[in-house]
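Coordinate analysis (summary)
Okay, here's what each chain looks like letter by letter:
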Amino acid sequence: MRRRYTVASAMVGAVALMTLAGCTTDPSVTDSSEAPESSEEASVEWFDQALFDKQNAERTVVPEGPEGQPWLQTINAELVDTAQYASTGAKKACFANASISNPWRQTGWITMNQQLKVLQDAGVISAMETRDAQDSDDTQIADIDYFINEGNCDIFLISPNSTAAMTPAVERACDTGKPVVVFDRGVQTDCPVTFIHPIGGFAWGIDTAEFLIDNLEQGDKVVALRILPGVDVLEQRWAAAEKLFDEAGIDAVDYFTGADPAEIKKIISDELAKGDVKGIWMDAGDGAVAAIEAFEDAGADYPVMTGEDEMSFLRKWKETGLTGLAPVYSNFQWRTPLLAAQKIFAGEQVPAEWVLPQSPITAEEVDGYLALNEGMPDGHYAKFGGEDLPGYPQVWEDRVVP
Amino acid sequence: MTAATELRPSVGQRLAGLARTLISPRGAVFLLLVVLLVAIAALNPSFAEPSQFIRFIQRVAPVAIVAIGQYFVIVGGEFDLSMGSVVTAQVVIAGNLIGQDEAKALPVLALMLGFGALIGLVNGLIVSFLKVPSFIVTLGMMLALLGAVLYWTGGAATGNPADGFREIGRGGIRGIPVIDILPWSVVILVVVLALAVWFAKRPFGRTIIALGDNPTTARFSGTRSWWVKTSTFMISSLSATVAGVLLVGYAGVHPSVGRGYEFTAITAVVLGGVVLGGGRGWVVAAAAGAFALEALFTLLNFAGVPSTYRDAVQGAIIILAVAYSATTFRARRRGRALEAPAGQSPGTPPPQAAPETSPASGAKTDDSPETPATPAPIPSTQRADNETKGGS
């Protein structure tokens with residue numbers, strides 16, 4: 001009896017300390033091999049001047065492609081030939097998904113399934129077998145290997161959980177000789193036929209930081225709310241913003257929140273107790289409402305704020321009339337992989353790196369997006385790009401997650 | 001004659017007693033709390049303003065209430081690891097079922113309380129009758145609840161419930177002089193704490209401690225262990241439910257609300273000098289442990305510790321604090337017999353308790369006749385027993 005308690009106490013103690021010490025076992029997309037050792041090195045490590053310049057330039061490029069269908073548009077595309085994959089008949093797609101554990105991925109996943117229906121009706125895709133890795137690298141590697149060995153797949157669609165860990169598995173998929181399409185987060189190999197993604201994290205960081213700098217004075221305080229460390233797309237957002245804040249003399253301080261609204265509220269309350277907070281910068285919009293409420297509860301003036309195109313933020317933005325910007329990590333990219341598959345099987349050229357447009361929602365545009373998405377739930381993303389798909393708007397309103 | 005002098009100690013003795021209490025584990029947490037609060041106020045004087053301070057209490061209220069619930073389970077000799085996910089589940093239930101319809105607030109609140117009690121009942125019955133260690137049962141319950149929440153929401157927020165319902169955690173009585181606003185959370189915390197203190201002093205509350213101290217003697221003394229144990233789990237699940245209601249108001253609906261609360265609560269309870277394994281501890285100290293933890297987090301915010309190694313600093317300080325409370329415990333056990341906190345057991349003359357502590361080896365057999373008779377919060381005989389436990 002007593003012995004049991006000793007062991008149990010030790011276990012509880014150990015786990016409690018681990019948790020409190022921040023080793024949150026939430027594996028979502030963190031890649032320990034890439035996780036930086038210390039903050040000083042981190043900001044240097046994640047900042048990549050070449051990529052920064054590339055994405056900065058891409059922000060102003062007018063995308064090519066069909067008008068009104070941003071999910072088919074491309075920026076600075078270098079086309080590759082896909083004639084060797086040309087083939088008739090309905091094909092089976094195999095989709096290794098990192099997770100659907102946040103509202104952004106859920107919205108995209110719903111859109112993707114509606115796009116699938118269109119392509120099934122058109123006789124392009126026979127079926128899509130999907131495996132959800134639930135934010136685990138190991139699971140996703142196993143998923144990809146299962147697809148390779150037993151999936152009977154004609155094409156692999158992969159949304160990697162993390163960059164480095166997924167690279168060998170993606171290479172194994174490429175070795176089968178079948179087309180591989182990677183989207184959202186990247187991998188460290190160019191073996192896939194196409195890698196689909198919006199412009200990227202640096203562009204997000206530049207858009208948001210420039211907006212805050214334009215609307216604030218030198219020396220003003222900005223609180224940066226970040227979801228978690230170690231994910232390239234998120235780290236790049238902050239790396240760009242931090243650099244620009246530094247250069248502009250904005251006093252920016254960053255926190256990791258895990259998107260937990262209680263945590264966000266505490267952080268803002270503490271910062272407001274310390275002194276005026278003029279701006280809020282977020283690397284993702286989840287929890288934006290809690291941040292704004294913290295200002296309301298403290299009786300402070302609304303900050304200048306950048307959130308995301310999540311409906312909860314757009315609605316609160318409109319309601320409070322604050323000075324805001326909603327950066328966008330284009331959710332409509334979830335349509336593109338299946339459409340790319342269609343092009344590949346038709347033998348049409350696709351861009352080796354398919355850069356999709358990514359432009360923030362500004363104060364002038366917000367009313368339009370609010371009206372367009374009126375019945376959508378708070379976790380919906382305004383630029384989901386599914387308005388012309390079957391089931392619109394019911395499927396998105398009811399959050400029919402397949 | 002001696003009794004009379006003991007009842008009226010001199011000022012010096014009182015001060016010495018107070019000092020001793022403050023460095024004892026039971027008091028250490030209060031000392032730590034005061035040190036942390038003073039440090040925060042020194043870094044940021046506006047924190048000490050009543051209107052700011054009351055906001056601090058408001059925000060600690062959910063954690064403190066969870067710690068109070070966890071106290072009863074721990075002092076009864078078990079663990080409840082499911083508390084955090086109960087909080088999460090309740091938050092999601094409130095968000096999904098109430099929606100924007102304020103009329104549903106009361107029925108859903110009743111449903112939530114019923115659900116909380118049910119979770120505790122299931123935990124308690126499995127621990128009591130299937131003899132599964134609570135560590136495993138509640139770990140399983142934690143995963144089951146998190147899985148259910150994930151299934152229900154797909155892992156994403158669904159939208160906040162009606163503002164009227166959120167007022168419980170977010171609003172308060174406004175227009176009060178000095179403190180400006182008296183948040184409902186603070187009122188609820190005070191009520192919960194008062195109930196807990198009262199309950200802990202009732203025979204049933206003392207039975208919980210006796211059961212945690214020595215289940216065998218508790219059983220021989222006629223305790224219905226299964227019911228006592230089950231009720232501690234129900235108390236903890238219900239307190240998690242109350243915390244969930246406050247958090248929905250304070251923060252809003254998100255599947256990450258409540259994450260890690262079980263460990264925060266356990267750490268708070270241990271910081272409050274409550275012994276893991278049961279049998280000793282004071283509920284007020286457990287609540288103070290929650291305040292000390294949150295004060296520590298706030299201090300790190302104010303001190304501007306960079307986010308990347310903030311967690312490491314937090315962890316180190318918590319280890320030191322818990323280690324301190326553990327070592328003072330041991331030191332005191334070897335040294336003085338009993339610090340006899342005034343008001344706790346005034347009827348027990350210290351000299352009687354003193355000789356029992358020294359023969360540590362024979363403690364186990366000495367227990368049986370002693371414990372059921374005086375299931376006080378700090379039965380001296382148990383110390384030796386606990387020492388062997390800690391040392392092995």
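Keep in mind it's a predicted model, so treat the numbers as computed, not measured.

1. Some remarks on the overall build of chain B
- Looking only at helices and strands, chain B has 18 helices and two strands in total.
- The buried share of chain B, taken over its 392 residues, is 51%.
- In chain B, of all internal contacts separated by at least 6 residues, the share reaching a separation of at least 24 is 77%.

2. Digging into the overall build of chain A
- Within chain A, the regular secondary structure consists of 14 helices and 13 strands.
- Within chain A, the proportion of its 402 residues that are buried is 54%.

3. Remarks on the environment of Val190 of chain B
Residue and element names in this part refer to chain B.
- As for its placement among the helices and strands, Val190 is situated in helix H9 (residues 184-201).
- The exposure class assigned to Val190 is exposed, which follows from the 12 C-beta atoms found within 10 Å.
- Taking C-alpha positions, Val190 is 23 Å from Gly76, a pair spaced 114 residues apart along the chain.

4. Points about the packing of helix H5 (residues 83-98) of chain B against helix H12 (residues 225-250) of chain B
Residues and elements named next belong to chain B.
- Contact geometry for H5 and H12: axes closest at 8 Å, N-to-C directions at 45 degrees. Taken as axis vectors, H5 and H12 run oblique relative to one another. Relative to H12, the crossing made by H5 is right-handed. Here H5 contributes Met83, Val86, Val87, Gln90, Val91, Ala94 and Gly95 to the contact with H12, which in turn contributes Ser236, Ser237, Ala240, Thr241, Ala243, Gly244, Val245, Leu247 and Val248.
- Tallied by class, residues from the contact of H5 with H12 come to 10 nonpolar, six polar and no charged.

5. Section: the sheet that holds strand E10 (residues 304-306) of chain A
All names here are of chain A.
- Pairing is parallel across the open sheet formed by five strands, whose spatial order is E8-E7-E9-E10-E11. In this open sheet, the two strands that pair with only one neighbour each are strand E8 (251-256) and strand E11 (324-325).
- Both strand E9 (residues 279-282) and E10 contribute to a ladder of three bridges, which runs parallel. In the strand pairing of E10, Gly279 is matched with Val304.
- In the packing of helix H8 (residues 232-248) onto the sheet, the strands contacted are strand E7 (221-226), E8 and E9, and the crossing angle to E7 comes to about 170 degrees.

6. Here we look at unusual backbone geometry
- Residue Pro393 of chain A is reached from Tyr392 of chain A by a cis peptide bond, and omega for that bond is -5 degrees.
- With respect to the secondary-structure elements, Pro393 of chain A resides in the loop between helix H13 (366-372) and helix H14 (394-397).
- The backbone of Lys131 of chain B shows a phi angle near 55 degrees, a positive value even though the residue is not glycine.
- Tracing the backbone through its elements, the reader meets Lys131 of chain B in the loop between helix H6 (105-129) and helix H7 (134-153).
- Owing to 7 C-beta atoms within 10 Å, Lys131 of chain B belongs among the exposed residues under this scheme.

7. Focus on the nonpolar core
- Counting residues in hydrophobic clusters, the biggest one holds 211 residues, and the most contacted among them are Val181 of chain A together with Ala64, Ala67 and Ala292 of chain B.
- A per-element tally of this core places helix H4 (residues 50-75) of chain B first, with 15 residues.
- Beyond its immediate chain neighbours, meaning those up to four positions away, Ala292 of chain B contacts Val29, Leu32, Leu33, Leu36 and Leu271 of chain B.

8. Quick word on helix H12 (residues 336-345) of chain A
Residues and elements named next belong to chain A.
- Among the 10 residues of H12, seven are classified as buried, and the element is accordingly described as predominantly covered.
- For H12, the set of buried residues is Thr336, Pro337, Leu338, Ala340, Ala341, Ile344 and Phe345.
- Looking one or two residues beyond H12, the residue adopting positive phi is Gly347, at roughly 75 degrees.

9. Looking at H5 of chain B
Residues and elements named next belong to chain B.
- The first and last C-alpha atoms of H5 sit 22 Å apart over 16 residues, in line with the 22 Å expected at 1.5 Å per residue.
- Here H5 lies mainly inside the structure; 14 of its 16 residues are buried.
- Just downstream of H5, Gly99 is the residue with a positive phi angle, here 55 degrees.

10. Digging into the environment of Phe233 of chain B
All names here are of chain B.
- Tracing the chain through its elements places Phe233 in helix H12.
- A count of 32 C-beta atoms within 10 Å places Phe233 in the buried class.
- Taking the C-alpha atoms as reference, Phe233 lies 10 Å from Leu81; in sequence the two are 152 residues apart.

11. Looking at the environment of Gln314 of chain B
- Looking at the element boundaries, Gln314 of chain B is found in helix H15 (residues 307-334).
- Along the backbone, Gln314 of chain B and Phe297 of chain B are 17 residues apart, and their C-alpha atoms lie at a distance of 7.2 Å.

12. Side note on the sheet that holds strand E3 (residues 125-132) of chain A
Residue and element names in this part refer to chain A.
- Pairing in this open sheet of six strands is parallel, and the strands run E3-E2-E4-E5-E6-E13 from one edge to the other. With partners counted over all chains shown, the strands left at the sheet margins are E3 and strand E13 (353-356), one partner each. On average, each strand axis in the sheet is inclined to that of its neighbour by 20 degrees, with strand direction left out of account.
- Pairing between strand E5 (residues 180-183) and strand E6 (residues 194-198): three bridges, direction parallel. Within the sheet, the bridge partner assigned to Phe183 lies in E6 and is Ile196.
- Helix H5 (residues 137-150) contacts strand E2 (91-97), E3 and strand E4 (155-159) of the sheet and is inclined by roughly 165 degrees relative to E2.

13. Describing the packing of H6 of chain B against H12 of chain B
Residues and elements named next belong to chain B.
- Axis separation between H6 and H12 bottoms out at 7 Å; the angle between their running directions is 150 degrees. Where H6 crosses over H12, the handedness of that crossing is right-handed.
- Residues belonging to the contact of H6 with H12 are distributed by class as follows: 14 nonpolar, 10 polar and one charged.

14. Focus: the pairing of strand E1 (residues 172-176) of chain B
All names here are of chain B.
- Bridging between E1 and strand E2 (residues 180-183) involves four bridges; their strand directions are antiparallel. Directly across from Arg174, in E2, lies its bridge partner Ile181.
- What sits between the antiparallel neighbours E1 and E2 is a turn of three residues, in which Val178 has the positive phi angle 70 degrees.

15. A look at the pairing of E7 of chain A
Residues and elements named next belong to chain A.
- Among the six residues of E7, five are classified as buried, and the element is accordingly described as predominantly covered.
- The sheet contact formed by E7 and E8 spans six bridges and is parallel. Considered in E8, the bridge of Ala224 is made with Asp254.
- Considered for its hand, the β-α-β crossover made up of E7, H8 and E8 is right-handed.

16. Quick look at the confidence of the model for chain B
Residues and elements named next belong to chain B.
- Looking at chain B as a whole, the pLDDT averages 79, with 78% of positions reaching at least 70.
- The least confident element of chain B, judged by mean pLDDT, is helix H18 (residues 381-391) at 37; the most confident is H9 at 95.
- Note on residues 1-6: pLDDT under 50 across the span, and zero contacts to partners over four residues away in sequence or across chains.
- The ipTM value of the predicted complex is 0.74, and its pTM value is 0.78.

17. Focus on the confidence of the model for chain A
- The share of residues in chain A with pLDDT of 70 or more is 89%, and the mean pLDDT across the chain is 87.
- In the model, residues 17-43 of chain A has pLDDT below 50 throughout and makes 58 contacts with residues more than four positions away in sequence or in other chains.

Definitions and limits used
Residues numbered from 1 in each chain as written. Chains lettered and ligands numbered in written order. Predicted model: local features only at pLDDT ≥ 70, side-chain atom pairs only at ≥ 80, totals over all residues. Helix = DSSP H or I, 4+ residues; strand = E, 2+ residues; numbered from the N terminus. Buried ≥ 20, exposed ≤ 12 C-beta atoms within 10 Å, placed from the backbone. Contact = placed C-beta atoms within 7 Å. Axes fitted to C-alpha atoms, helices over the stretch in contact; angles between N-to-C directions. Parallel < 35°, antiparallel > 145°, perpendicular 65-115°, else oblique. Left-handed = near helix turned anticlockwise from the far one by under 90°. Nonpolar A, V, L, I, M, F, W, Y, C, P; charged D, E, K, R; others polar. Pairing = 2+ DSSP bridges. Core = buried A, V, L, I, M, F, W, Y, C linked by C-beta atoms within 7 Å. Expected span 1.5 Å × (residues − 1). Right-handed = clockwise from strand over helix to strand, strands pointing away. pLDDT = per-residue confidence, 0-100.

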